[in-house]
Number of protein chains: 2
Amino acid sequence: MTKAGKSVLIVDDEAPIREMIAVALEMAGYECMEAANAQEAHAQIIDRKPDLILLDWMLPGTSGVEFARRLKREDRTAELPIIMLTAKGEEDNKVQGLEAGADDYITKPFSPRELVARLKAVLRRSTPQGIEEPIEVSGLLLDPVCHRVTSFDKPLDIGPTEYRLLQFFMTHQERAYSRAQLLDQVWGGNVYVEERTVDVHIRRLRKALGEAHEHMIQTVRGTGYRFSTKVA
Amino acid sequence: MTKAGKSVLIVDDEAPIREMIAVALEMAGYECMEAANAQEAHAQIIDRKPDLILLDWMLPGTSGVEFARRLKREDRTAELPIIMLTAKGEEDNKVQGLEAGADDYITKPFSPRELVARLKAVLRRSTPQGIEEPIEVSGLLLDPVCHRVTSFDKPLDIGPTEYRLLQFFMTHQERAYSRAQLLDQVWGGNVYVEERTVDVHIRRLRKALGEAHEHMIQTVRGTGYRFSTKVA
DNA sequence: GTTGCTCGTCACAAAATTGTCACACAATAT
DNA sequence: ATATTGTGTGACAATTTTGTGACGAGCAAC
């Protein structure tokens, strides 16, 4: 893992502004890439995997909010921290921005110092774990890059939620988790769903895993579930 | 069986709202106390030590944020989780509220279910977990993280109650406990069950431990039981 | 619009756990 | 030895917890 400073994608349709921001960030030790619209941004995200996105509210074509919302919906990019940029007077949209999934919100004009400070804060909060390493366990293979799970090379057909659940389990083996903890970790702490929903997804995951691996998800009666490679 | 039930202090200047919240929480098994302003709240906190505070943003006199900030500054109350309540339209203050030290933030109106869910989440995060260290004694291993007991690597099949019983014994070895004490410690103080029930669970536990370890649970005639590694 | 997919919830089925009892057995007292 | 008291043990029904199929809402792609 190269720890050569975090990389930031700047998305704004005005080149001078991008440039200004880029200079400020580079002076602070960040690596920068730029995009003028949602399409370019998406391309950059895919192949250069920035650690954070500075996203202008106003964009030609797909608007910033819309783009943010879309990013947050896709598993592959959901974890990407986003800081929204907005011009003065558009502040009413703050809530809307945050609801779209932005992690923070800065009003133009802002000082470089402020920008860097917020950026640091967001990066600190966001999960530093680059989950890029495939995890494999007795024929079960989860590939975060392909965003896919295979059981003996046979692709598993599971929904995004089951994928996240399995990923969590595979990265937290041999340990019992309550339904509440799973909701926190897999669904995200601030959603409201019934605890029994966990059971249903466990069921779906087990079914998808098939006889070969379903036993790995063990029920811990009175507590929750556990992912274990050891025999029951 | 009833869980221990956490207590919640509801701070809001409008009595009907307090009442509504209280009812919802009580139905969910929480114990409630109320306060109409910061002063009352402080008094309640001192002498009734709630596990969590629901704090309205708007309060006569000392405002909610201010109060939260103050609580977080005092050592005695710094650890007390706070959930801020705010009316719709005050959402801009969200950041401010969280910065004041609130652990979560709910916008009125909210459903009782949502409230309870958030409350649970906050309590879960703030409540430090119990012992995380595995306990091992001559081939008998209790791992609280896995929530599992193994005897020479063979998992023991026991119910939640036997698990708690064994955990208690392993953390309180070499000492005799009466049935009443065990009921208190393992079942939780405020349940009513026959003392002889302890015998039955001891029996079940012994059976599960098998010949290898059953002798560790010794009968102290006329008194109760003891867990000991020493030979009888 | 339709279609196809995923998700959360529900109602019911299935399974495991629990507390209690009756009686067998063991230890002490009379 | 016999009575008395305390503990071990198997069985049982009630309750709790989990498994499972189905359904409708929501959403994206068409």
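In what follows, the structure referred to is the one given above.
Fair warning: this is a prediction, and the values are worked out from it, not measured in the lab.

About the thresholds
- The numbers attached to residues start from 1 for each chain and follow its sequence in the written order.
- Think of it this way: whatever chain is written first is A, whatever ligand is written first is 1, and the rest follow in order.
- Given that this is a predicted model, residues contribute local features only at a pLDDT of at least 70 and side-chain atom pairs are listed and counted only at 80 or more, while totals for whole chains, interfaces and linings are drawn from all residues.
- Think of the side-chain values as coming from all heavy atoms in the structure, minus any hydrogens and water.
- Under the DSSP-based scheme used, a helix requires at least four consecutive residues in state H or I and a strand at least two consecutive residues in state E, with every element numbered from the N terminus.
- Three exposure classes are used, based on accessible area relative to the maximum for each residue type with a 1.4 Å probe and protein chains only: buried under 20%, partly exposed in between, and exposed over 50%.
- Each accessible area is a Shrake-Rupley result for a 1.4 Å probe, and residues are judged covered by the shown protein chains and nothing else.
- Any residue with a heavy atom positioned within 4 Å of a molecule or strand is treated as near that molecule or strand.
- Any pair of nitrogen or oxygen atoms within 3.5 Å is treated as a polar contact; in protein, a donor-acceptor pairing is required on top of that, and neighbouring residues in sequence qualify only through side-chain atoms on both sides.
- Any two strands are treated as partners once DSSP identifies two or more bridges connecting them.
- The contact rule is simple, with two residues in contact once any of their heavy atoms fall within 4.5 Å.
- An axis is simply a line fitted to the C-alpha atoms; with a helix, the fit covers only the stretch in contact. Between two such axes, the angle follows the N-to-C directions and lies from 0 to 180 degrees.
- Residues are grouped as follows: Ala, Val, Leu, Ile, Met, Phe, Trp, Tyr, Cys and Pro are nonpolar; Asp, Glu, Lys and Arg are charged; every other residue, Gly included, is polar.
- Side-chain rings of Phe, Tyr and Trp, where Trp is taken by its six-membered ring, are said to pair if the distance between their centres is within 6.5 Å; with planes under 30 degrees apart they count as stacked, over 60 as edge-to-face, and otherwise as tilted.
- When a carboxyl oxygen of Asp or Glu lies within 4 Å of a side-chain nitrogen of Lys or Arg, that pair is called a salt bridge.

### Let's talk about the overall build of chain A
For chain A, the count of helices and strands is nine helices and 12 strands. The buried share of chain A, reckoned over its 232 residues, is 47%. For chain A, the accessible area works out to roughly 12300 Å², and carbon and sulfur atoms hold 50% of it.

### Quick look at the protein's contact with DNA strand D
If you check the shell around DNA strand D, you find 26 residues, and the closest are Arg73, Arg179, Arg203 and Tyr225 of chain A together with Arg203 of chain B. For DNA strand D, the fraction of atoms within 4 Å of the protein that belong to sugar or phosphate moieties is 66%. Arg221 of chain B is positioned with one of its side-chain polar atoms (N or O) 3.2 Å from a sugar or linking oxygen of DNA strand D. Of all the secondary-structure elements, those providing two or more residues to the surface near DNA strand D are α9 (196-213) and β11 (217-220) of chain A together with α9 (196-213) and β11 (217-220) of chain B. Examining the composition of the surface near DNA strand D, we find that six residues originate from one element, α9 of chain A, more than from any other.

### Things to note about the pairing of β11 of chain A
Residue and element names in this part refer to chain A. Here β11 runs beside strand β12 (residues 224-227); their pairing, made up of four bridges, is antiparallel. Across the sheet, Thr219 pairs through a bridge with Tyr225, a residue of β12. Connecting β11 to the antiparallel partner β12 that follows it, the hairpin turn spans three residues, and Gly222 within it adopts a positive phi of roughly 80°.

### Observations concerning the sheet that holds strand β9 (residues 154-155) of chain B
The strands that make up a sheet are held in pairs by hydrogen bonds between backbone atoms, and each pair lies either parallel or antiparallel. Residue and element names in this part refer to chain B. Spatial ordering of the open sheet is given by β6-β7-β8-β9, a layout of four strands whose pairing is antiparallel. This sheet does not close on itself; its edge strands, each paired only once, are β6 (135-137) and β9. Here three bridges tie β6 to strand β7 (residues 140-143), and the two strands are oriented antiparallel to one another. Its bridge partner being in β7, Ile135 is matched across the sheet by Leu142. Each of β6, β7 and β8 (148-151) touches helix α7 (residues 160-171); the most contacted strand, β7, lies at about 110° to it.

### Details of the environment of Phe227 of chain A
All names here are of chain A. Inspection of the secondary structure assignment puts Phe227 in strand β12. As for Phe227 and Glu174, which are separated by 53 residues in sequence, their C-alpha atoms are 5.7 Å apart. Residues in contact with Phe227, not counting those within four places in the same chain, are Leu140, Leu166, Phe169, Met170, Gln173, Glu174, Arg175, Met216 and Ile217.

### As for unusual backbone geometry
All names here are of chain B. In the Ramachandran plot, Ser138 falls in the positive-phi region, its phi being about 40° despite a non-glycine side chain. Inspection of the secondary structure assignment puts Ser138 in the loop between β6 and β7. Among the residues examined, Ser138 registers a relative accessible area of 46% and is labelled partly exposed. Of note, Glu174 is a non-glycine position whose phi angle comes to about 60°, a positive value. Tracing the chain through its elements places Glu174 in the loop between α7 and β10 (176-178).

### Re the protein's contact with DNA strand C
As a structural note, the neighbourhood of DNA strand C is formed by 24 residues, with Thr161 and Thr197 of chain A together with Thr161, Glu194 and Arg204 of chain B the closest of them. Interatomic distance of 3.5 Å between a backbone N/O atom of Pro160 of chain A and a phosphate oxygen of DNA strand C. Thr197 of chain B has a polar side-chain atom sitting 2.7 Å from a phosphate oxygen of DNA strand C. Mapped by element, the contributors of at least two residues to the surface near DNA strand C are α7 (160-171) and α9 of chain A together with α7 and α9 of chain B. Here the residues of the surface near DNA strand C sort into eight nonpolar, eight polar and eight charged.

### Points about the packing of aromatic side chains
Residue and element names in this part refer to chain A. Under the definition given, this model contains six aromatic pairs over all chains. Judged by centre distance (6.2 Å) and plane angle (55°), the ring pair of Phe168 and Phe169 falls under tilted. With respect to burial, Phe168 and Phe169 carry one shared label: buried. Between Phe168 and Tyr177 the ring centres are 4.9 Å apart and the planes differ by 70°, which places this aromatic pair in the edge-to-face class. The exposure class of Phe168 is buried, given its relative accessible area of 7%.

### Overview of the pattern of salt bridges
Opposite charge on two side chains lets them pair, provided their charged atoms get close. Enumeration according to the criterion identifies nine salt bridges over all chains in this entry. In this structure, Arg18 of chain B engages Glu34 of chain B in a salt bridge whose closest nitrogen and oxygen atoms are separated by 2.9 Å. Of this pair, Arg18 of chain B sits in helix α1 (residues 15-27) while Glu34 of chain B sits in strand β2 (residues 31-35); the two residues are 16 residues apart in sequence, bridging distant segments of the chain. One salt bridge in this structure joins Arg48 of chain B and Glu31 of chain B, with 3.9 Å as the shortest N-O distance. Of this pair, Arg48 of chain B sits in helix α2 (residues 38-48) while Glu31 of chain B is found in strand β2, placing the two residues 17 residues apart along the sequence. Residues joined by salt bridges that share partners form a network here, namely Arg179, Arg196 and Asp199 of chain A.

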